[in-house]
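This is what each chain is made of:
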Amino acid sequence: MIRLKNVTKKYKNDHYALRNIDLEINSGEFVFVVGSSGAGKSTLMKLLYSEEKPSSGIVSIGGINIANIKNSKIPNLRRCMGIVFQDYKLLQNQTVFDNVAYVIRTLGISSKEINARVQGALKIVGLYEKMNATPAELSGGEQQRVGIARAIVNGPPLLIADEPTGNLDPQNSMEIMQILDQINQRGITVIVSTHDNNMVDYFRKRVIKLDHGEIVKDMQAGTYE
Amino acid sequence: MNNNLKTSVKKHIPKDWLCELRILFRLGIQTISDIKRTGLVNLVIITTMAAILTIFGACFRTALSISSFSKELGSALEISVYLKSSTDVREAQSEIAKFEHVVEITAIPKSVSWNKLKNEMKLPNIDNPLPDTLHVKVDDPENLESVFDNIKAIKSVEDMSYAKDLAAKIELVNHVVKTITFVVILIMGLLTVTIINNTVQLVIQSRKEEIEIMRLMGVNNWYIRFPFIMQGAFYGFMGSLLAVIPLNYVQNGLNNVHKFFMIPSPLYAQNLVILVMFTMSILFGAVGSYWCIKKHLQV
């Protein structure tokens, strides 16, 4: 379970990105975090994977308060979750396979297991046939699917996707959301930040709406507006 | 979720030595890849390092030779101690032997000195006026003065002497050589650290995107840092390896000087110089990298 209690994030220029956020997300949920640009979506996501630390309040993941987590412990936390970015963040000079395998290789896992895990993840996102291609040879949607495969290859209980369809056309956006939905159906908690109202309205999942750093709506099977 | 998270954490901790071995292998591959990525700059760094290390090695090796020269001369220096007429020579000898830095005491009875003098000069038949003498050798010329002062305090000592000027000169040469070696080590360290620092900074810049991705994906901080430290150490090692060639010429040259003066060359010197050079260059290389990482790699 994810729990945010009275979380405020204030930047040095006295700008409040988040104000007194109280939030609970249960295991296995699919949550859309929506809002216009500057509403605080990305800051909220960054708090969850400890790229930012809150100015005050508690951010608890799996019962562990990560609000003041030591820098040396952050990698352990991040390996327990999958993170998907708007700009894919792929290594352009490496193949799809190598991009997905990159992190698990650093854990000392055997080649046999790496092959099995990477192939499994690529099958889920439908890129098994393109495992030897480089990102430059893939479309934007396919690159984002590689990003998703990389995020789930380690079998995390939580997937955080920060504007995963921000750079994609509607058709590719739909495919990405469907993949995220499938992943959620495997029991993984999925949190997606987006400002794509069509997607949010189509999937009818829990919607948390932010405005000027505050939660203005938290609705099960909700819509964007 | 709580249990899942804890299970996930456990799952990520390497369980056996095979995992550790695979991680080391991956780190090795990453280091090689970083070195390859640096391209021709590697050659520039290694040759510069080799040049610096050759200067250091030559200075250090010469210092050892000069030190052996001065030791050899210094060992010829001794303190002559003249005892009072009523003194028991053995008692005085054992008293002096207790002092620090004293390595050898030779007693010359006054009868021996007198006979020797009589053989060398035509002397009238008078009573022996000479005192019993002790020749005291010390371990290092720089300790002559302190030993001299200690002996002076003994009651049974009538008078003493030693070649003070020569001892002072030998000590000065030793001191100058040691200072030069220290300054060279300091300059070598600074240059090495600066060169490695700049190179690693370039590599960090070229891998900026990759490091950012690794960081966000939860790759351990030490896993990101280690290849850079290895790369710095590699430059130190290669620089030393290359510096061994000119240092052999220095060694041969110094051996010839030793032969000329008939002073034995210290056998351990070349091995010591190479060992110190490798250790220091690898250490400075790694430290240079580490400082650079601390400054430029925010993980």
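Note that the coordinates shown come from a computational prediction; the quantities given were computed from them, not determined experimentally. (Residues numbered from 1 in each chain as written. Chains lettered and ligands numbered in written order. Predicted model: local features only at pLDDT ≥ 70, side-chain atom pairs only at ≥ 80, totals over all residues.)

## Quick word on the packing of helix H3 (residues 96–105) of chain A against helix H4 (residues 111–125) of chain A
Residues and elements named next belong to chain A.
- It is the contact of H3 with H4, at a shortest axis distance of 10 Å, that shows an interaxial angle of 130 degrees. Taken together, H3 and H4 sit at an angle that is classed as oblique. In this structure, the crossing between H3 and H4 has a hand that is right-handed. Facing H3, whose interface residues are Phe97, Val100, Ala101, Ile104 and Arg105, H4 presents Ile114, Arg117, Val118, Ala121 and Leu122. (Axes fitted to C-alpha atoms, helices over the stretch in contact; angles between N-to-C directions. Helix = DSSP H or I, 4+ residues; strand = E, 2+ residues; numbered from the N terminus. Parallel < 35°, antiparallel > 145°, perpendicular 65-115°, else oblique. Left-handed = near helix turned anticlockwise from the far one by under 90°. Contact = placed C-beta atoms within 7 Å.)

## Here we look at the confidence of the model for chain A
- Chain-level pLDDT for chain A is 92 on average; 100% of the residues reach the 70-or-more range.
- Per-element averaging of pLDDT across chain A places strand S5 (residues 64–65) of chain A at the bottom with 88 and strand S3 (residues 30–34) of chain A at the top with 96. (pLDDT = per-residue confidence, 0-100.)

## So, the nonpolar core
Residue and element names in this part refer to chain A.
- One finds Val33, Val100, Ala149, Leu159 and Ile160 to be the most contacted residues of the largest nonpolar core, which totals 74 residues.
- The element that contributes the greatest number of residues to this core is H3, accounting for seven residues.
- With near-sequence residues (within four places) excluded, Leu159 lies in contact with Met81, Gly82, Val84, Ala151, Ile152, Ile183, Ile188, Thr189 and Val190. (Core = buried A, V, L, I, M, F, W, Y, C linked by C-beta atoms within 7 Å. Buried ≥ 20, exposed ≤ 12 C-beta atoms within 10 Å, placed from the backbone.)

## Side note on the interface of chain B and chain A
- With 22 residues of chain B at the interface, the matching set in chain A holds 22 residues.
- Elements supplying a minimum of two residues to the side of chain B that touches chain A: helix H1 (2–12), helix H2 (17–38), helix H8 (208–216) and helix H9 (221–261) of chain B.
- No other element matches the six residues that H1(B) contributes to the side of chain B that touches chain A.
- Here the side of chain B that touches chain A is built from residues that sort into 11 nonpolar, seven polar and four charged. (Nonpolar A, V, L, I, M, F, W, Y, C, P; charged D, E, K, R; others polar.)

## Comments concerning the sheet that holds strand S2 (residues 102–108) of chain B
Residues and elements named next belong to chain B.
- Strand order across the open sheet formed by four strands is S2-S3-S1-S4, with antiparallel pairing between neighbours. Strand pairing shows two members of the sheet lacking a second neighbour, S2 and strand S4 (157–161), which therefore form its edges. Averaged over all pairs of adjacent strands, the angle between strand axes in this sheet comes to 20 degrees, irrespective of strand direction.
- Contacts between helix H4 (residues 89–97) and the sheet are confined to strand S1 (79–83), S2 and strand S3 (133–138), with S2 contributing the most and set at about 165 degrees to the helix. (Pairing = 2+ DSSP bridges.)

## Things to note about helix H6 (residues 170–185) of chain A
Residue and element names in this part refer to chain A.
- Here H6 is 16 residues long and its end C-alpha atoms lie 22 Å apart, about the 22 Å a rise of 1.5 Å per residue gives.
- Residues of H6 that are buried include every one of Ser173, Ile176, Met177, Ile179, Leu180, Ile183 and Asn184, and no others. The buried residues of H6 all sit within an arc of 155 degrees when viewed along its axis, so they share a single face. Residues Gln171 and Gln185 are exposed on H6 and point more than 90 degrees away from its buried face.
- Tucked inside the fold, the buried residues of H6 contact S3, H4, helix H5 (140–152), strand S7 (158–162), strand S8 (189–194) and helix H7 (197–203). (Expected span 1.5 Å × (residues − 1). Arc of directions from axis to C-beta.)

## With respect to unusual backbone geometry
Residues and elements named next belong to chain A.
- Positive phi, normally seen in glycine, also occurs at Glu163, with a value near 50 degrees.
- Tracing the chain through its elements places Glu163 in the loop between S7 and H6.
- Although it is not a glycine, Ala221 adopts a positive phi angle of roughly 45 degrees.
- A tally of 9 C-beta atoms within 10 Å means that Ala221 is categorised as exposed.

## Quick notes on the packing of H4(A) against H5(A)
Residues and elements named next belong to chain A.
- Interhelical geometry of H4 versus H5 gives an angle of 135 degrees and a closest axis separation of 9 Å. In terms of orientation, H4 lies oblique with respect to H5. By crossing handedness, the relation of H4 to H5 is classed as right-handed. For the pair H4 and H5, contact is made by Ala121, Leu122, Ile124 and Val125 and by Arg145, Ile148, Ala149 and Ile152, respectively.
- Each residue belonging to the contact of H4 with H5 can be placed in one class, and the counts come to seven nonpolar, no polar and one charged.

## What about the pairing of S1(B)?
All names here are of chain B.
- The two faces of S1 differ: Ile79, Val81 and Leu83 on one face are buried, but Ser80 and Tyr82 on the other face are not.
- In this structure, S1 lies alongside S3, joined through four bridges in antiparallel fashion. Note that in S3 the partner of Tyr82 across the bridge is Thr133.
- As paired strands, S1 and S4 are joined by four bridges and run antiparallel to one another. Its bridge partner lying in S4, Val81 is registered against Met160.

## Things to note about helix H1 (residues 41–48) of chain A
- Burial analysis of H1(A) places six of its eight residues in the buried class, the great majority of the element.
- Of the residues flanking the end of H1(A), it is A:Ser50, one or two places downstream, whose phi is positive at about 60 degrees.

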